[in-house]
Amino acid sequence: MNYLFPSAFMLQTFAMTALMIGLTLGGKPQMAADVGITQAAALALFLAFSGNARSLILSLPSRFRVRAILAMRLLLILPLAGASFYLSQLGQVEPNLAAALILRRCVEWLNELHLAERERDDDRNYAVKFILLQSALLVLALGWTLSEAPMPLLGILAWALLPLLSFWRLVSKPGESPLAFQKGWRQMLPHFGSSAIIGITVYVFRLFIVLIVGKAVAGDLFTAFAIGGFLSTVFVYALGPSIILHEARTGVSRLPVLFKNASWAALIVGLLLSFGSFLNLAPFSWFKTPFFWGAMGLSMVGSAAMTYAQRIRFKLLQHDEDNNVFGPDVLINILIIASVPFLYWSFGLSSFMSLYLVSSILTLGFYLSFKAEGLLSSRGTWPLSDKAVKISTAFMLAFPLFFLASGGVFRDPFMYYDSGGILSKLPIPVSVLACFGGIVLLGRYRQASLSLSFLFFTFVLMVLSSIISTGSLTGQEQPKFILLVQFILPMFAFVLGQLFEPGKNHEASLEKAFIYVVAAIVPAQLLASWLQSQVSLTPYLYAFSVYQHLQYVPAIIACCYLLALYSLWHAKPYRRLLLVLAPLMGIYAAAASLSMLTLFALAAGTAGFVLWQCKRSFDKKSLAVCIMVLAGYGTYLSYGKDMLAYKWGFTSGLTSQVESQIVPNLTERLYYWRYYGKEIVSSPEVFLFGHAQRLERAQFPSAHNYYLDLAYNFGAIALLPLLAALGYTLVLIYRNRRQILGSSSLLGLTAVTIFLLIVDNSFKVGLRQPYSGIVTFFLWGVLLSRLLRLPPPQNSRSDFNQSYQPK
């Protein structure tokens with residue numbers, strides 16, 4: 001294999017990284033941080049519109065029209081350069097330096113196409129000339145800047161512009177026809193989303209670190225990541241596409257021996273550096289801090305995993321013309337962003353040493369899952385069946401077990417728990433692990449294109465609104481990005497829901513798992529409440545505590561019961577369990593401190609089930625469910641009304657209690673809704689992009705309406721994907737209303753999902769809470785998946801029932 005073209009790409013792509021490293025080692029870490037921020041800002045935009053161009057140009061099945069792609073880039077280059085400059089100024093980079101660096105990135109973006117074309121045609125003379133020019137200019141730029149010569153930016157400016165001399169051959173070629181231009185655009189379009197999410201992540205990732213730890217520490221971190229991950233970066237931006245091209249031409253699939261040995265060497269050196277820094281050995285404090293060496297060592301360890309992951313990615317891109325990696329790229333990069341605040345506030349600054357390693361593990365896991373269409377299918381000896389994994393995943397999603405971010409199971413005995421907005425004190429549900437674990441294990445990303453697109457556009461628009469709304473308020477970016485992560489993480493369950501059931505028939509896996517959750521939680525929580533002499537539900541179940549046990553969790557538990565009721569009633573073993581749990585559910589709803597939404601959901605759901613059963617065939621046992629739920633509720637209120645009145649300070653019985661509980665609650669919500677609604681339309685900019693600052697939690701804990709809360713913080717543009725997905729769902733429901741009414745299982749899922757999305761989140765902010773948000777988005781994804789698999793509406797109801805009813 002010839003290494004001329006990988007070397008040429010390496011010199012071009014890593015020139016700015018080499019400049020950053022040289023400035024750090026030369027005693028200018030703040031200037032290095034400015035280079036890192038500007039590089040990230042430019043990558044966020046130029047990479048977003050690169051569309052994996054090099055891999056696609058080198059793809060053997062397709063001869064990409066390079067001139068058409070060049071024309072598109074020439075049209076986009078000025079707007080992208082201007083936007084890159086604006087983003088760099090948000091990081092307070094010196095304007096002249098930012099302008100020079102962005103000019104360099106523009107030239108690199110254009111030269112990439114010519115280099116890829118020359119590599120495809122094996123023009124080695126061009127590669128030699130390009131290497132000589134790039135090497136000389138990099139030495140000039142770094143030497144001029146570090147030598148304190150007059151006009152220090154002159155060297156950087158020459159380094160930025162002179163590579164255009166090698167570009168004239170591509171520009172001088174005859175132009176493509178309009179038809180070729182259109183074809184080139186269509187070929188690139190599916191890959192824009194994949195490259196866009198990577199570019200945006202690079203910018204937000206680096207900006208997030210700067211906002212949290214400051215420029216000096218961030219400069220050291222960026223340099224440590226660059227050095228430690230150099231091998232994998234070389235593979236990604238220089239060597240990888242050429243290796244895959246060589247494998248396709250020769251039919252031999254293996255890494256070059258030199259690169260393989262270098263990977264092993266990096267792994268060993270990385271482990272030594274990591275252990276040395278953790279032990280705080282004296283040599284690790286001579287030139288840089290142990291923190292720097294630890295970050296570099298862990299990055300070297302992560303580079304091996306990253307190299308293998310990117311090799312999978314390039315094979316998918318270059319060996320399959322119709323393939324794209326949009327799905328895993330979206331999931332990977334949003335999780336990388338989320339890992340920054342989570343690691344810092346959970347484990348402190350030292351955890352930032354592992355950021356590159358964490359991103360490598362995430363990347364490898366998701367690409368392996370995507371390649372094999374789920375890790376389950378990649379192992380023939382997997383000990384659990386697909387059905388068992390799905391039931392386990394759904395059980396963990398709904399089971400209200402919480403962990404603290406700082407470590408340990410959440411076990412707080414007090415009725416009300418307030419984390420104070422401190423991430424390390426925030427209870428995190430096991431649903432989070434179930435959500436991401438389920439995505440990787442099931443991995444059928446191609447059937448989740450709708451939810452992945454929703455996640456992508458929501459993330460992009462929220463990032464855009466955050467940047468615009470906080471542009472003039474230094475110091476507000478950090479809490480805004482943390483709030484963004486809080487909103488976006490539950491949306492991953494939307495993806496899991498869409499890939500949860502692959503076939504036309506389903507086995508009611510989630511409904512079976514949900515009834516197991518109800519059977520485990522409801523009796524245990526009621527018994528614990530009575531043992532603790534509590535009238536309302538206690539959060540403390542001895543082994544663990546239930547966070548948000550009076551509002552969010554009861555509503556989800558009631559919906560879990562209803563889903564099982566509608567789907568599993570026909571099965572005798574589950575029917576007995578549903579009947580046994582019916583009075584306990586009534587007591588549970590009554591003990592949830594009169595949570596009106598839980599009561600409404602349970603009462604309306606059971607009544608609707610009885611009506612549906614009576615319409616089809618009168619079923620006395622179904623009527624018994626409704627009676628037993630109401631009996632349990634009424635009995636508990638009758639038994640506990642005096643204690644409830646004493647507990648809440650009421651003196652005139654149940655009527656006074658209900659009035660005193662409900663009326664102020666509604667009045668409070670109306671006040672919040674009016675205030676938030678007024679603030680949202682206070683100006684056109686605020687309406688579109690939201691407020692820069694979040695309201696004080698003590699005065700306004702939330703809008704008590706998810707949609708108002710999202711619009712207040714991120715503007716109307718961030719609502720667009722959510723409203724579009726919700727509108728599409730309602731259209732599907734209307735189109736398939738006959739099939740829905742013909743299936744008890746689908747009717748229950750539709751009713752519960754619409755209740756949670758529209759009713760529950762009009763009075764609460766459940767969609768941004770980790771537990772309730774994950775369950776709701778998951779059910780939404782499952783509902784969409786089932787609706788999209790329905791036969792055409794003109795099919796007979798009997799045909800539908802035979803093909804769709806759960807086994």
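Residues numbered from 1 in each chain as written. Predicted model: local features only at pLDDT ≥ 70, side-chain atom pairs only at ≥ 80, totals over all residues. Heavy atoms only, no water.

## Observations concerning the overall build of the protein chain
- From N to C terminus, the protein chain includes 33 helices and two strands.
- Across the 807 residues of the protein chain, 58% fall into the buried class.
- By element, 66% of the accessible surface of the protein chain is carried by carbon and sulfur atoms, the whole surface being about 32000 Å². (Helix = DSSP H or I, 4+ residues; strand = E, 2+ residues; numbered from the N terminus. Buried < 20%, exposed > 50% of the residue type's maximum accessible area, 1.4 Å probe, protein only. Areas by Shrake-Rupley, 256 points an atom, 1.4 Å probe, with all protein chains shown as cover.)

## Notes on the layout of surface pockets
- In this model, the second largest pocket occupies a volume close to 440 Å³.
- Taken together, the elements giving at least two residues each to the lining of the second largest pocket come down to α3 (29-46), α5 (66-90), α10 (178-213) and α19 (449-469).
- Considering each element in turn, the lining of the second largest pocket owes the most residues, eight residues, to α19.
- A per-class count over the lining of the second largest pocket returns 20 nonpolar, one polar and no charged. (1 Å grid on protein atoms, 1.4 Å probe; cavity = no way out; pocket = protein on both sides within 12 Å on 5 of 7 lines; lining within 4 Å. Points joined across faces, edges and corners; volume = space filled by probe spheres on them. Nonpolar A, V, L, I, M, F, W, Y, C, P; charged D, E, K, R; others polar.)

## Describing empty space enclosed by the protein
- Inspection of the entire model under this criterion finds four cavities of 30 Å³ or more.
- For the largest cavity, the calculated volume is near 1300 Å³.
- Every residue lining the largest cavity is counted, 48 residues in all, and those nearest its centre are Leu 47, Ile 198, Val 202, Val 236 and Tyr 237.
- Class assignment of the residues belonging to the lining of the largest cavity gives a composition of 25 nonpolar, 16 polar and seven charged.

## Details of the packing of aromatic side chains
- Counted under the stated rule, the structure contains 37 aromatic pairs.
- Through successive ring pairs, a cluster of aromatic residues spans Phe 402, Phe 410, Tyr 547 and Tyr 771.
- Geometry around Phe 500 places Lys 390 over its ring, the cationic atom sitting 5.7 Å from the centre.
- Of note, Lys 480 hangs over the ring of Phe 714, and the distance from its end group to the ring centre comes to 5.2 Å. (Phe/Tyr/Trp six-rings, centres within 6.5 Å; stacked < 30°, edge-to-face > 60°. Lys NZ or Arg CZ within 6 Å of the ring centre and 35° of its normal.)

## Re the environment of Phe 600
- Positionally, Phe 600 belongs in helix α25 (residues 596-616).
- Sequence-distant contacts of Phe 600, that is, excluding residues within four places in its chain, are made with Gly 605 and Phe 755. (Contact = heavy atoms within 4.5 Å.)

## Some words on the pattern of salt bridges
- Enumeration over the complete set of coordinates arrives at 16 salt bridges.
- Here Arg 104 ties to Glu 108 by a salt bridge, and the two come within 2.7 Å at their closest N and O atoms. With Arg 104 and Glu 108 both in helix α6 (residues 95-120) and four residues apart, the pair spans about one turn of that helix.
- Classification of Arg 104 as buried rests on a relative accessible area of 0%.
- A salt bridge links Asp 329 to Arg 313; the nearest nitrogen and oxygen atoms lie 3.0 Å apart. Of this pair, Asp 329 sits in helix α15 (residues 326-347) while Arg 313 sits in helix α14 (residues 290-319), placing them 16 residues apart in sequence.
- Look at Asp 329 and you get buried, because its relative accessible area is 1%.
- Among the charged side chains, a network of salt bridges with common partners joins Glu 117, Arg 118, Arg 120, Asp 121 and Asp 123. (Salt bridge = Lys/Arg side-chain N within 4 Å of Asp/Glu carboxyl O.)

## Examining the nonpolar core
- Counting 241 residues, the largest nonpolar core has Ile 209 and Tyr 561 as its most contacted members.
- Of the residues forming this core, the biggest block, 14 residues, is contributed by α10.
- Counting residues in hydrophobic clusters, the runner-up holds twelve residues, among them Phe 14, Val 234, Phe 235 and Ile 243. (Core = buried A, V, L, I, M, F, W, Y, C linked by side-chain atoms within 4.5 Å.)

## Remarks on the confidence of the model for the protein chain
- Residues at a pLDDT of 70 or more form 85% of the protein chain, whose mean pLDDT is 82.
- Taken as a whole, residues 646-660 scores under 50 in pLDDT and shows 19 contacts with residues more than four places along the chain or in a different chain.
- Within the model, pLDDT remains below 50 along residues 795-804, and this stretch shows 19 contacts once partners closer than five positions in the same chain are excluded. (pLDDT = per-residue confidence, 0-100.)

## Some points on unusual backbone geometry
- The residue Ser 533 is not glycine, and still its phi comes out positive at about 55°.
- Relative to the helices and strands, Ser 533 is located in the loop between α22 (509-531) and α23 (552-568).
- Positive phi values are uncommon outside glycine, yet Gln 548 reaches one of about 55°.
- In this fold, Gln 548 is placed in the loop between α22 and α23.
- For Gln 548, a relative accessible area of 19% puts it in the buried group.

## Quick word on α15
- With 22 residues, α15 extends 31 Å between its outermost C-alpha atoms, agreeing within 8% with the 32 Å of an ideal straight helix rising 1.5 Å per residue.
- Of all bends in α15, the biggest is about 30°, found at Ser 339, and the proline Pro 341 comes one to four residues later.
- Across the 22 residues of α15, 18 count as buried, placing the element largely inside the fold.
- Positive backbone phi, at 90°, marks Gly 348, one or two positions downstream of α15. (Expected span 1.5 Å × (residues − 1). Bend = angle between axes of the 7 residues up to and from the residue.)

## Focus on helix α18 (residues 431-442)
- Taking 1.5 Å per residue as the helical rise, α18 with its twelve residues ought to reach 16 Å, and the 16 Å between its terminal C-alpha atoms agrees with that figure.
- Among the twelve residues that make up α18, nine are buried, leaving the element largely enclosed by the rest of the structure.
- The set of residues buried in α18 consists of Ser 431, Ala 434, Cys 435, Phe 436, Gly 438, Ile 439, Val 440, Leu 441 and Leu 442.
- Positive backbone phi, approximately 60°, marks Gly 443, located one or two places after α18.

## Digging into the environment of Tyr 308
- Turning to its location among the elements, Tyr 308 is positioned in helix α14.
- In this structure the C-alpha to C-alpha distance between Tyr 308 and Ser 360, which are 52 residues apart in sequence, comes to 9.5 Å.
- In contact with Tyr 308, other than residues within four places in its own chain, are Leu 364 and Leu 368.

## Some remarks on the packing of helix α20 (residues 477-488) against helix α29 (residues 706-735)
- Interaxial distance between α20 and α29 falls to 11 Å at its minimum, and their mutual angle equals 150°. Compared by their axis directions, α20 and α29 come out roughly antiparallel. When the axes of α20 and α29 are compared, the crossing they make is left-handed. Contacts from Lys 480, Leu 483, Leu 484 and Phe 487 of α20 reach α29 at Tyr 706, Asp 709, Leu 710, Asn 713 and Phe 714. (Axes fitted to C-alpha atoms, helices over the stretch in contact; angles between N-to-C directions. Parallel < 35°, antiparallel > 145°, perpendicular 65-115°, else oblique. Left-handed = near helix turned anticlockwise from the far one by under 90°.)

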